[in-house]
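# Structure assessment
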Amino acid sequence: MAKERRDCLPDDGAVLSVGDLLDKKGALIQGGYAFSQVKRYDRSAIRGDRSRIKEWDYYCFGDDKYAVALTVANNSYMSLASVSVLDFDHLTYLTRSRMGGACGKKLKMPSSCEEGDVAYKKSGVTMNFYNSAGERRLVCEFKKFDGKRDFSCDIELDKPTGDNITTAVPFKKRKQFYYNTKVNCLAVKGRFSIGDDIHEFASGASGVLDWGRGVWPYRNVWYWSSLSCRIDGREFGLNLGYGFGKPKASENVVFYDGKAHKLDNVKFEIPYTRGKPDYLKKWRIADDAGRLELAFFPMIDRKDRTNAIVLMTDQHQVFGKFFGKVTLDDGTIVDVTDKIGFAEYVRNKW
């Protein structure tokens, strides 16, 4: 019976309809994608292993000088708040995280990407993601971020007005799933500081929200790339991702002037040196229909590797510059030149 239920789920190319995400048994009702968050997520509807629930809000934003990434996550058996600062002039980065024990419902994550606040406070770290009626403000303080100096930021993000990419992804076990929305091209205003050093983000700075909720398997791998910028005065974004799910997730999309243009299969060609991935050499990223052809020139490999026997992560979030061409649905070709974004490879046992 379980096998029949899994087989009858639409494939990854299906367009999601409006309705509940999970049925009464906690199984994903429909797999596929949409250009808005049409499915209703309810944590209390989950019937799978509650220790496998993972919920996070991840923001990454910046200009040509700096990028900042902020994460708050409720992974059931642990809570997490993380800050990364990337310096593109000096090709350096610093990431600091604070982890706590099992939090369950104590760390409340919103059931929608469109509204709901996130609040985290623990051991010298305070993060508040305010989101009311689409007006977003990110306020963070991280004591002794670089060992001595404190990090702080106060960032305003304009209300999204265009399409996003939302996916509902099944896994092999019927009560496991991933529900995700990526919101690209969020206009950024504000500043961050480390001690007395202050950076005010330049006009045209932009970012992305990665809003994720799900029940994940223990082992997983994913590839993800994101770009938010302006080309010829218009908003342009890329969200490319694959590698997990049964069937595989389909979140490959181009954003242009607020409209989403769906792509099919995309592949990241990561170069190898002496039999090992060489993340700081040029990548090729392309689709199988000839609509996407990008060269990605890495600048910084923001890497994190942890191996604690039961828990393991091997993450390479590589920031760099994109060059190439993208073809929109109507055949318009958009040239991408010297635009900073990231592409990543992540392998987890968690």
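We now turn to the structure provided with this report.

Calculation rules
- Residues numbered from 1 in each chain as written.
- Predicted model: local features only at pLDDT ≥ 70, side-chain atom pairs only at ≥ 80, totals over all residues.
- Heavy atoms only, no water.
- 1 Å grid on protein atoms, 1.4 Å probe; cavity = no way out; pocket = protein on both sides within 12 Å on 5 of 7 lines; lining within 4 Å.
- Points joined across faces, edges and corners; volume = space filled by probe spheres on them.
- Helix = DSSP H or I, 4+ residues; strand = E, 2+ residues; numbered from the N terminus.
- Phe/Tyr/Trp six-rings, centres within 6.5 Å; stacked < 30°, edge-to-face > 60°.
- Buried < 20%, exposed > 50% of the residue type's maximum accessible area, 1.4 Å probe, protein only.
- Core = buried A, V, L, I, M, F, W, Y, C linked by side-chain atoms within 4.5 Å.
- Contact = heavy atoms within 4.5 Å.
- Polar contact = N/O pair within 3.5 Å; in protein donor to acceptor, adjacent residues only side chain to side chain.
- Pairing = 2+ DSSP bridges.
- Nonpolar A, V, L, I, M, F, W, Y, C, P; charged D, E, K, R; others polar.

Moving on, we get to empty space enclosed by the protein. To find leftover empty space, one rolls a probe the size of a water molecule over the atoms. One pass over the structure, following the stated rule, counts two cavities of 30 Å³ or more. Of the voids in this model, the second largest cavity is the one considered here, and its volume is about 50 Å³. In terms of lining, the second largest cavity is formed by Asp57, Tyr59, Pro110, Ser112, Cys113, Gly116, Phe129, Asn131, Arg136, Leu209 and Trp211. Contributing elements (two or more residues each) for the lining of the second largest cavity: β4 (53-62), β9 (125-132) and β15 (206-215).

On inspection of all chains with the given rule, the structure shows 34 aromatic pairs. The interplanar angle of 80° and the centroid separation of 5.2 Å between the aromatic rings of Tyr59 and Phe129 together place this pair among those described as edge-to-face. Of the two residues, Tyr59 sits in strand β4 while Phe129 sits in strand β9, which places them 70 residues apart along the sequence. Considered together, Tyr59 and Phe129 belong to a single accessibility category, that of buried residues. Look at Phe268 and Trp283: their rings are 6.3 Å apart centre to centre, the planes differ by 50°, and that puts the pair in the tilted class. One end of the pair, Phe268, is in strand β20 (residues 266-269); the other, Trp283, is in strand β23 (residues 283-287), with 15 residues separating them in the sequence.

Turning next to the nonpolar core. Where a protein is soluble and globular, its nonpolar side chains tend to be buried together. Membership of the largest hydrophobic core comes to 48 residues, with the highest contact counts inside it found for Phe61, Leu70, Val83, Met127, Phe151 and Phe177. If you tally residues by element for this core, the top one is strand β13 (residues 177-194), at seven residues. Sequence-distant contacts of Phe151, defined by excluding residues within four places in its chain, comprise Val68, Leu70, Val83, Val85, Cys140, Glu141, Phe142, Phe145, Phe192, Ser193 and Ile194.

Once that is clear, we can look at the side chain of Glu55. Tracing the chain through its elements places Glu55 in strand β4. When its relative accessible area of 2% is taken as the criterion, Glu55 is described as buried. Among the polar contacts listed, one links the side chain of Glu55 to the side chain of Tyr41, at a separation of 2.5 Å. Residues in contact with Glu55, not counting those within four places in the same chain, are Tyr41, Arg43, Val72, Ala73, Asn74, Asn75, Met109, Gly212 and Arg213.

Turning to the pairing of strand β18 (residues 253-256), a few remarks are in order. Residues Val253 and Phe255 line one face of β18 and the alternating positions Val254 and Tyr256 line the opposite face, and both faces are buried. Relative to β18, strand β17 (residues 234-242) runs antiparallel, the two being bridged by four bridges. Following the sheet pairing, Leu238 is matched in β18 by Val254. Counted between consecutive antiparallel strands, the loop separating β18 from strand β19 (residues 259-262) contains two residues, among which Asp257 sits at a positive phi close to 55°.

A few words on the layout of surface pockets. The space that makes up the largest pocket amounts to roughly 980 Å³. Residue lining of the largest pocket: 40 residues in total, with Leu80, Asp304, Thr313, Gln315 and Trp350 positioned closest to the centre. Here the element with the most residues in the lining of the largest pocket is strand β25 (residues 311-327); it accounts for six residues. Across the lining of the largest pocket, the residue classes tally to 20 nonpolar, 12 polar and eight charged. Space inside the second largest pocket adds up to approximately 460 Å³. As for the second largest pocket, its lining consists of 27 residues, of which Gly62, Asp63, Ser206, Ser228 and Ile340 are closest to the centre. Here the lining of the second largest pocket is composed, by residue class, of 13 nonpolar, eight polar and six charged.

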